[in-house]
Structures are given as C-alpha cells and as structure tokens.
Number of protein chains: 2
Amino acid sequence: MLNTYYYEQLTAEKIDELVQRNTDPNSAIQDTVLEVIQEVKKHGDQALKDFTKQFDKVELDKLYLDKDDIAALAQTISREQMRALEIAFQNIHKFHQSQLKRERTVETMPGVKCWREVRPIEKVGLYIPGGSAVLPSTLLMLGVPARIAGCKEIVVCSPPQNQGKINGFVAYCLQLLQIDRIYLIGGAQAVAAMAYGTSTIPKVNKIFGPGNQFVTKAKSLIQGLTDVSIDMPAGPSEVLVIADETARPDYVAADLLAQAEHGIDSQAILVSTNVLITEKVLQEIQRQLELLPRRELAEQAIQNSYAVITRDLEEAIAFSNLYAPEHLIIESDQWKSLIPRIVNAGSVFLGHLTPESAGDYASGTNHTLPTSGYAKSYSGVSVDSFIKKITFQHITEEGLQYIGSTVETLAELEGLQAHKQAMSIRMT
Amino acid sequence: MLNTYYYEQLTAEKIDELVQRNTDPNSAIQDTVLEVIQEVKKHGDQALKDFTKQFDKVELDKLYLDKDDIAALAQTISREQMRALEIAFQNIHKFHQSQLKRERTVETMPGVKCWREVRPIEKVGLYIPGGSAVLPSTLLMLGVPARIAGCKEIVVCSPPQNQGKINGFVAYCLQLLQIDRIYLIGGAQAVAAMAYGTSTIPKVNKIFGPGNQFVTKAKSLIQGLTDVSIDMPAGPSEVLVIADETARPDYVAADLLAQAEHGIDSQAILVSTNVLITEKVLQEIQRQLELLPRRELAEQAIQNSYAVITRDLEEAIAFSNLYAPEHLIIESDQWKSLIPRIVNAGSVFLGHLTPESAGDYASGTNHTLPTSGYAKSYSGVSVDSFIKKITFQHITEEGLQYIGSTVETLAELEGLQAHKQAMSIRMT
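About the thresholds
- All residue numbers here refer to positions counted from 1 along the written sequence of the relevant chain.
- Lettering of chains starts at A and numbering of ligands starts at 1, both following the order in which they are written.
- Only residues with pLDDT of at least 70 get local features here, since the model is predicted, and only at 80 or more are side-chain atom pairs given and counted; chain-wide, interface and lining totals rely on the full set of residues.
- To obtain the side-chain values, all non-hydrogen atoms of the structure were included, while hydrogens and water were left out.
- Working definition: helices are DSSP H or I runs of at least four residues, strands are E runs of at least two. Numbering for both runs from the N terminus.
- Classification of residues uses two cut-offs on accessible area relative to the type maximum, computed with a 1.4 Å probe and protein chains only: under 20% is buried, over 50% is exposed, and between them is partly exposed.
- Any two residues having at least one pair of non-hydrogen atoms within 4.5 Å are treated as being in contact.
- Surface exposure here means Shrake-Rupley accessible area, sampled with a 1.4 Å probe, where a residue is shielded only by the protein chains that are shown.
- All copies are superposed by least squares; the fitting set is the C-alpha atoms of residues with a pLDDT of at least 70 in both.
- When the sulfur atoms of two cysteines come within 2.5 Å, that pair is taken as a disulfide.
- DSSP bridges decide pairing: two strands pair if at least two such bridges lie between them.
- Convention adopted: a line fitted to C-alpha atoms gives each axis, helices being fitted over their contacting stretch, and angles between N-to-C directions are expressed from 0 to 180 degrees.
- A pair of aromatic rings is counted whenever rings of Phe, Tyr or Trp (Trp by its six-membered ring) have centres within 6.5 Å, and the orientation is called stacked for planes under 30 degrees apart, edge-to-face for over 60 and tilted otherwise.
- Whether a charge sits over a ring comes down to the Lys NZ or Arg CZ being within 6 Å of the ring centre and within 35 degrees of the ring normal.
- Computed with a 1.4 Å rolling probe, the buried area is the accessible surface lost when two parts are put together, summed over both parts.
- A pair is scored as a salt bridge if a Lys or Arg side-chain nitrogen falls within 4 Å of a carboxyl oxygen belonging to Asp or Glu.
- Polar contacts, as counted here, are pairs of nitrogen or oxygen atoms within 3.5 Å of one another; within protein the pair requires one atom able to donate a hydrogen and one able to accept it, and residues that are adjacent in sequence qualify only if both atoms are side-chain atoms.
- In the scheme used here, Gly and all other residues not listed as nonpolar or charged are polar, with Ala, Val, Leu, Ile, Met, Phe, Trp, Tyr, Cys and Pro taken as nonpolar and Asp, Glu, Lys and Arg as charged.
- With a 1 Å grid laid over protein atoms only, a set of points is called a cavity when a 1.4 Å probe fits there but cannot get out and a pocket when it is open yet has protein on both sides within 12 Å along at least five of seven lines; lining residues have an atom within 4 Å of a point.
- Grid points are joined across faces, edges and corners, and a volume is the space filled by probe spheres set on the points.

**Q** Even after reading the chapter, I still don't get the overall build of chain A, so can you show me in this structure?
**A** Looking only at helices and strands, chain A features 16 helices and 15 strands. Principal axes of the C-alpha set define a box for chain A whose edges measure 85 × 60 × 45 Å. Burial statistics for chain A: of 428 residues in total, 64% are counted as buried. Look at the contacts in chain A between residues 6 or more apart in sequence, and 74% of them connect residues 24 or more apart. Roughly 16,100 Å² of accessible area belongs to chain A as shown, and the carbon and sulfur atoms make up 47% of that amount.

**Q** Even after reading the chapter, I still don't get the relation of the copies chain B and chain A, so can you show me in this structure?
**A** Superposition of the two copies of the chain requires a rotation about an axis together with a shift along that axis. For the pair chain B and chain A, the superposition axis carries a translation of 0.0 Å, the fit reaches an RMSD of 0.0 Å, and the rotation angle comes to 180°. This pairing of chains is accounted for by a two-fold axis. Comparing interface residues between copies, 100% of those in chain B also lie at the interface in chain A; the contact surface is shared.

**Q** Just to check I follow, could you spell out the state of the cysteines for this structure?
**A** Should the sulfur atoms of two cysteines be covalently bonded, the bond is a disulfide. For the structure on display, the rule yields 0 disulfides over all chains. Cys-114 of chain A takes part in no disulfide bond, and the closest cysteine sulfur, belonging to Cys-173 of chain B, lies 18 Å away. Here Cys-173 of chain B stays free of any disulfide, with the sulfur of Cys-157 of chain B as its closest cysteine sulfur at 17 Å.

**Q** For this particular structure, what's the right way to read the sheet that holds strand β3 (residues 106-109) of chain B?
**A** Strand pairs in the sheet, formed through backbone hydrogen bonds, run parallel or antiparallel to each other. Pairing within the open sheet is mixed, and its 9 strands lie in the order β1(A)-β12(A)-β11(A)-β10(A)-β13(A)-β14(A)-β15(B)-β4(B)-β3(B). Of all the strands in the sheet, just β1 (3-6) of chain A together with β3 of chain B have a single pairing partner and so form its edges. Taken pair by pair, the neighbouring strands of this sheet meet at an average axis angle of 20°, ignoring direction. The pairing of strand β10 (residues 238-243) of chain A with strand β11 (residues 267-272) of chain A spans 6 bridges and is classified as parallel. When the bridges of β11 of chain A are listed, Ile-242 of chain A appears paired with Val-271 of chain A.

**Q** Whenever I open this one, the packing of aromatic side chains confuses me. Can you help?
**A** A ring pair, where both rings are aromatic, is described by two values, the distance of the centres and the angle of the planes. If you walk through the whole model with that rule in mind, you get 16 aromatic pairs over all chains. On the basis of an interplanar angle of 80° and a centroid distance of 5.9 Å, the ring pair of Tyr-5 of chain B and Tyr-306 of chain B is categorised as edge-to-face. Taken together, the positions of Tyr-5 of chain B in strand β1 (residues 3-6) and Tyr-306 of chain B in strand β12 (residues 306-309) put the pair 301 residues apart, joining distant regions of the chain. A ring pair is formed by Tyr-64 of chain B and Tyr-183 of chain B, whose centres lie 5.9 Å apart and whose planes are at 70°; its orientation type is edge-to-face. Placement of the pair is Tyr-64 of chain B in strand β2 (residues 64-65) and Tyr-183 of chain B in strand β7 (residues 182-183), with a sequence separation of 119 residues. Chaining the aromatic ring pairs together yields one cluster made of Tyr-5, Tyr-7, Tyr-306 and Phe-319 of chain A. One residue, Arg-21 of chain A, lies across the ring of Tyr-323 of chain A, its end atom 3.5 Å from the ring centre. Cation over ring: Arg-181 of chain A sits above Tyr-64 of chain A, and NZ or CZ is 3.7 Å from the ring centre.

**Q** Is there a simple way to explain the interface of chain B and chain A in this structure?
**A** Bring the parts together and some accessible area is lost; that lost area is often taken as the interface size. Tallying the contact residues gives 116 residues for chain B and 116 residues for chain A. Here chain B meets chain A over a buried area of about 10,300 Å², counting both sides, of which 60% is carbon and sulfur. On the chain B side of the contact with chain A, Tyr-361, Gln-393 and Arg-426 of chain B bury the most area, a combined 8% of that side's loss. Summed over the shared surface of chain B and chain A, the number is 8 salt bridges. Between Asp-384 of chain A and Arg-116 of chain B there is a salt bridge; the shortest N-O distance is 3.3 Å. One can count 70 residue pairs in polar contact (both at pLDDT 80 or more) joining chain B with chain A. Among the residues making up the side of chain B that touches chain A, the classes are represented as 55 nonpolar, 36 polar and 25 charged.

**Q** Sorry if this is basic, but what is going on with the side chain of Thr-310 of chain A here?
**A** Residues and elements named next belong to chain A. With respect to the element layout, Thr-310 can be found in the loop between β12 (306-309) and α12 (313-323). Accessibility expressed as a relative area gives 4% for Thr-310, which makes it buried. Ignoring any residue separated from it by four or fewer positions in sequence, one finds Thr-310 in contact with Tyr-7, Val-271, Ser-272, Thr-273, Glu-315 and Ala-316.

**Q** So what exactly am I meant to see when it comes to the layout of surface pockets here?
**A** Gaps left between atoms show up when a probe the size of a water molecule is rolled over them. Residues and elements named next belong to chain B. Empty space within the second largest pocket amounts to approximately 230 Å³. Around the second largest pocket, the lining residues are Leu-100, Lys-101, Arg-102, Glu-103, Thr-105, Trp-115, Arg-116, Glu-117, Val-118, Arg-119, Pro-120 and Ala-149. Examining the composition of the lining of the second largest pocket, we find that 6 residues originate from one element, strand β4 (residues 112-120), more than from any other. Taken together, the residues of the lining of the second largest pocket break down into 5 nonpolar, 1 polar and 6 charged.

**Q** Looking at this model, I keep getting lost on the side chain of Asn-205 of chain A. Mind explaining?
**A** Turning to its location among the elements, Asn-205 of chain A is positioned in the loop between α7 (187-196) and β8 (206-208). Dropping the residues within four chain positions of it, Asn-205 of chain A is found in contact with Ile-121, Glu-122, Lys-123, Asp-227, Val-228 and Ser-229 of chain A together with Lys-376 and Ser-377 of chain B.

**Q** Can you walk me through empty space enclosed by the protein in this structure?
**A** Evaluated as defined, the whole model comprises 6 cavities of 30 Å³ or more. Of the residues contributing to the lining of the largest cavity, the split by class is 6 nonpolar, 2 polar and 11 charged.

**Q** Explain the pattern of salt bridges to me, please; I cannot follow it from the model alone.
**A** When the charged atoms of two side chains with opposite charge come close together, those side chains can pair. All told, the structure shown has 50 salt bridges over all chains when counted by the stated rule. Residue Arg-79 of chain A pairs with Glu-86 of chain A through a salt bridge whose shortest N-O separation is 3.7 Å. Judged by relative accessible area, Arg-79 of chain A falls into the exposed class, the value being 53%. The exposure class of Glu-86 of chain A is buried, given its relative accessible area of 14%. In this structure, the salt-bridge partner of Arg-287 of chain B is Glu-284 of chain B, at a minimum N-O distance of 3.1 Å. Here the residue Arg-287 of chain B and the residue Glu-284 of chain B both occupy positions in helix α10 (residues 275-289), the gap between them amounting to 3 residues, near one helical turn. The exposure class assigned to Arg-287 of chain B is partly exposed, which follows from its relative accessible area of 46%.

This is the structure in structure tokens:
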C-alpha cells in the first residue's frame, strides 16, 4: 500500500515531485475567508456571534469564559491528567527558559558601542484548534514561550465545545499559564478578530497557532491586509523516518501511524537503507492499523505517503534534507554521527527510544513546527518567536573621530548629502 | 511647514491616525507585478531579458557579471572610498559575528535531553536596489550576515547601471564579501527569478532586501505563491527624533532631513518636550534645506511629517512606542534612563553624537529594519535572519521511565491512540 521507490533510480524531476507538498492555494476557500474577514472587520462582535452560530452551532451570550468558569471546568479532570499536564508544562518551561539570553555589547571602534536588547512582543494571539482532536498541548506550546518572553497581553481563541464551554484539559492549561480568559471563537473569524480587534476581543501584534485550512488561509491573508504578523505558514503535519538495519520495524510502524492519524492529508515518509526492514515495516503498519480507533483517517494518510530505499544513510539524509520534514526520526544506532549532516528539519528525534510523541507532548521541545518544506527557511516556534531584538548604538566624541570620515565618504558616494551633513555637523 | 500637535490635546483616535502609515495595498500595481511574476515563471531568462529592455532600457547578452568583470569595475573607485567600505565591512562584521552562538543542552528529565542547533539557510537571494541612489551599503548589510551564517549560495540581483554594468562601489563590496557573481536584474522580475529559478538564476529559499513598491509587492506576493520566505514587509523609510531641552536644534534638523532626502514618502517625526527647541528645529530645517541637492524630495517628505509636543520624556517615549519607528534618535542627556522604556523600534541612536547615518553605514548595526509599525512584531535583519534553529531530542531507557506515562496520558486525553502507542510500544 505504501508506494516504494529506489533512490538510485529516481530522476531529479521525480525527486522534485516526491518532495513537493500539495500546497493548493484554493481560491474557493480564499473568497469565503475574505468574506468572513470583511464581516468581522465591519460588524465586530455581532459578526463573531453570527459566525459561531453558523459554523459551530453554538449561540453565545458572552464571547468568553473568565477565571471562575475556567476554574470550575479545570476541576472536571482527574488528578493523573492534571499531573501529566503539569509535567509537560514544566519540561516545556525548562527547555524554553534556556532560550532567553542577554547579549553582550560590542565596541566596534573606540567610542562606538553597539548592542541588542530583547523586548517582548506586547500583544500576542494564540489560536487553539478544536475540531477532530482538542489540543491542550498546543496551548502549552504557545503559552509557555509567550509567558517566558514576557508578552503583556496574551489573547487565546478556541472554538466553543459543547454549548459554549471548553474542555477541562484546556481549562487546566489556562490555569497553569495564569491566563484568566479564553475567547470562544474559532475559524477564520477568530483570526480576523485578533487582527482587527472588536469591542470584546483585543487587537494583537502577532498571531500564532495551527488550524484547519480556513484558519491557515485567514492567517496568510491578514498578513497582507494588516500590520499583524504570523508565526509561520502552516500545512498538514508530516514525519520522515530514517530507518537502517538496526531499526525495530514495530517502532517505525508505530511512528508512521502516529503521524497518519492526524488527518488524511498528513504525510508519513519512510526512508530506509534496508529492503527487509522496509517490508517488515509495511507488514507492521497493516497489523497495527487494525487496532486504531482513527483507523480510517490513518489508512487514507498512508495512501498519500511512500517509502524510499537508499543505498546508505548518506543518501537517506540527502533525501531528507530535500524534503525538509517537519518531524525527522532517526532510528539508527548511528544517529550521533548523522546530526551534523541534518540541514533542513523542524524537530529531530534521535535513536530508537525517542518517538515523535515525546516531543509532541512533554520532552520540552516545541511542537509548532514548519511544514510543507518551510523548514528550509523557518524555525519552529520558540521564545524567539515572541520577542524582538532592538539594536542600540552610542557614539562618544572619541567615537566620532574614528567613524566620522568613513560615514562622510560613504554618504557622499551614495549621493546622500543630508546623511553626510548629519555626521559633519557633529564633527566641527 | 511641519504640522505641530500638542500631545495632551490629542484624542486616542487622532493618535491612532498619526501613527498610521499610508500602507496602500494598491491593486493596480498588484496586477502588473503578478503579470511580471507569471511571465518570469513561464519564460525564464527570456522574460528577464525582455523586462530589462523594457524597464531598464538595457539589452543584456548575459544576465550576470563574473569575477573578472567585477574586479575590473572595483578598480575604478578611489583608495579612500575602498578604505571607507572596508571599515564599514569590518564594523558590520564585528557586530554581527557576536550574534552567532551555540546553545546548551537541557536535560528536562533524567535521560531526556533537548537542544537546538543552528543551520544556515542554504540558498539566499539579496536584492540590491538601483534607481535614485545606488546603495552598496545595503549589499554589506545583507551580505555580511549571510556570510557569517554560512549560507552556501548567495544570489545577488541588482538592476543594471549604464549599459549592463554595475557601479564600482557595489563591485568592491562584492569582492569584500567574496561573492563572484552578480545578476543584472532588478524590479519584480528579479524577485520572481529568485523565487522560481530560471536556467541562469538559481532558486533560493529566502529573499532579502529593500526596493521600490514593485519589488516590495513582488516579495509579498511570492511569499503566498511559493515556498520562498522573505526578510520582512518593507515600506518607506522613517525616523522619529525625541528631543528635549538639551538637544541641539541644528543636529535634530540635520537628522530629520537625512531621513527626508530618501524619498517623498519618507516620514521624519519630531517629538519634543520643548516648544522653543521645536521652533528652532523648524527654522534650522528651512536653513539647511537650502543647501541640499535632493532638496525637492526632502521638502515633500517634510510635508508628510509632523511634530508632537509632549509634557515630558515619558509621554515622548509613549508616543514613540505607539508609532514604533524604524529609526529612533534620542537627543537628550537622559538617554540612558530611557532605554528600558523603549519597547517598539527598529534601531535606536542614543545621545547627541549618534546620528542615524552612523548606523546606516558603519557603526556595525544593520540598516535593514522594520518600517510602517512592523517594529511591533519584527526585528531588523541580523545573522538570525539567515539561520534556522533545529530542535533535537534524545531519550534513554531511563528517560522513558520518567516521561513515558506522561506522554501516554496526554495522548489518551487528546484522543490520539497511535501517538500513545508509539510510546507504549517502547516501554514494554
């Protein structure tokens, strides 16, 4: 069922085709989403209520839940579940905390000092998808770095669950993050609300989070329509597993299926140096599929996927770098020596005992990652995503002696006389 | 000539209006640019030759200059000019070199190790504008961090000057950067060529650089059409000068005019705590304007600009943070104590002896900065812009003992059975 290719037989064109994701711009959706955006811009809260009724089948009196509502819902989950969410919170916090650092001042010439300082993005919007799986883990993955960065206002939007509520897991995560309010708005309308602001929902500077194709399209559109920026373009989730003869076929199959159960457009790519292992993985996939509740989704996603047989690990990494996977799992005893060759990937899982699901939830790394080949130029979400670095410089009289004539000469040669004058006037 | 407002008299709506930039989406330009992009995508090099003939009035036999051509052109500039470009190169290098650091590994639980590693974006495209002022400084500001990051392929495009050449300053900067080729293509067609690739021009992963409204529109469009990313959205350049009673009106006027000479859509905002200083600055602007060769441009830009009188420096900084200027100059003896309050700005120039032109050319900081209020969520270009950070994780058997059940519980509560299974299968 998994199409299998031999790397050495692939032409450059075929490789190009294999590493391409189906990034359909889909202008039918574009028109719908644009209309939603315009409505929210024009009619604010009323448009949000109307769309929530239309799309989520919920009539909202109030667009949000506050501290007390959240506290009540959080109490509905078990002690064990609370504990698991706390451990995830702590690990994510520990890893992300290490990303924030002060930079040193550089004196580029005597009396010319330059440095950068970190400032949080003041207002951020976090979109937490509802739908086929509710993802409290996404709230932790976005909320923890936002808190560490020191963002002043954290606006959280998520589509309402059963009759204008949210689930208890999301509520408990809000408590862990000390976020006192959640807006019960989903879809493109949530993105529009955070981009333009309404009487109830604050306008933000940057919008984060995954979502369905409507949310994704809305994020990419508001990027052009407003001064609001976004974390990254998002597409369907994907994994690429590199497995050599030391790999356990049952582990590899489990990892491919974990990706496949996300949705029918997920891709789960196997790259193996070993034909026998590949065959065993395919058998294991069949066997494990039988046991999955989300079997139908996973089966269809597997149809979109394929296996590539390479002659050695070097070729396997070469193919992976061309594909630039969101998640890369290296199931080989030689994982250590392969690290320096990995150029394009979102997050990498090393060795036989590091499944992607560890990073999806609790190892500490972020699970909001570049898909669709964007790992070639984007990093995953981190504290970096919630800050700006402002450059500062200060020049003394001594500094002017050193740098002045250089600036004058360069302004002159670029034909910018007033630039030159701004320096000259200080040198007399 | 400069409209003057009193901050205490401004309503919230009026402040909103003042800090707004005229970010006209301009769909007339959009259609032209889309057509250029489609033509380049379809006809490659031939389209580039045709557009260069049409827009730049140059017939190109060859789309680029190579090492020998560059060397010959670089020899046409003076020793003094070479020296100034070298000093700028060195200072920019020194400051940007300090931005690249290794990160430490975090053991979030015993046996669960997480870390990030830096990888260069492999292929980057640098757009160097021609037109009313040729800017070799921009080549240094983009080329130096690209080199420090370790980008494998650096593609440089710039519109051809006099009969298919480039100017000697740009040529000399190419030599300093050890870049052996420059493509003589400008405008939207250059952006399209780097986004799709042609037989001559390589496809890149990310495109950098300022440009006119066609270039800017092309960058924002290819971001949606392809998997290529861009440095940031770009608008007209701008400065905000905060001047208190300790400011020298002639310095302040020179700084405002240096911004104004960029183009008629530039903004040069004065925020002062002192009416007398403001009046003197306005007089000085009149006086210094007389002496400028680009006087007409500067005069029109000044019409787009305004002054705000505040009661104290606190109000001045508050207004500046709402405006989020690309360049912020603080001409006050109290510059040091104001630093922590600066939240939104691209690059900041501190004290009376630090003109913006120092940072435009040679202090070491980057001059590719967020305009139009984007400083609320974007940083200027730095080495960070040319790299990705990939997260890695490795779990041992001990680590599985610590993290396993947490991952199982979380996968279970999100209803993702295959995610759970990928962990459980390793725990038996």
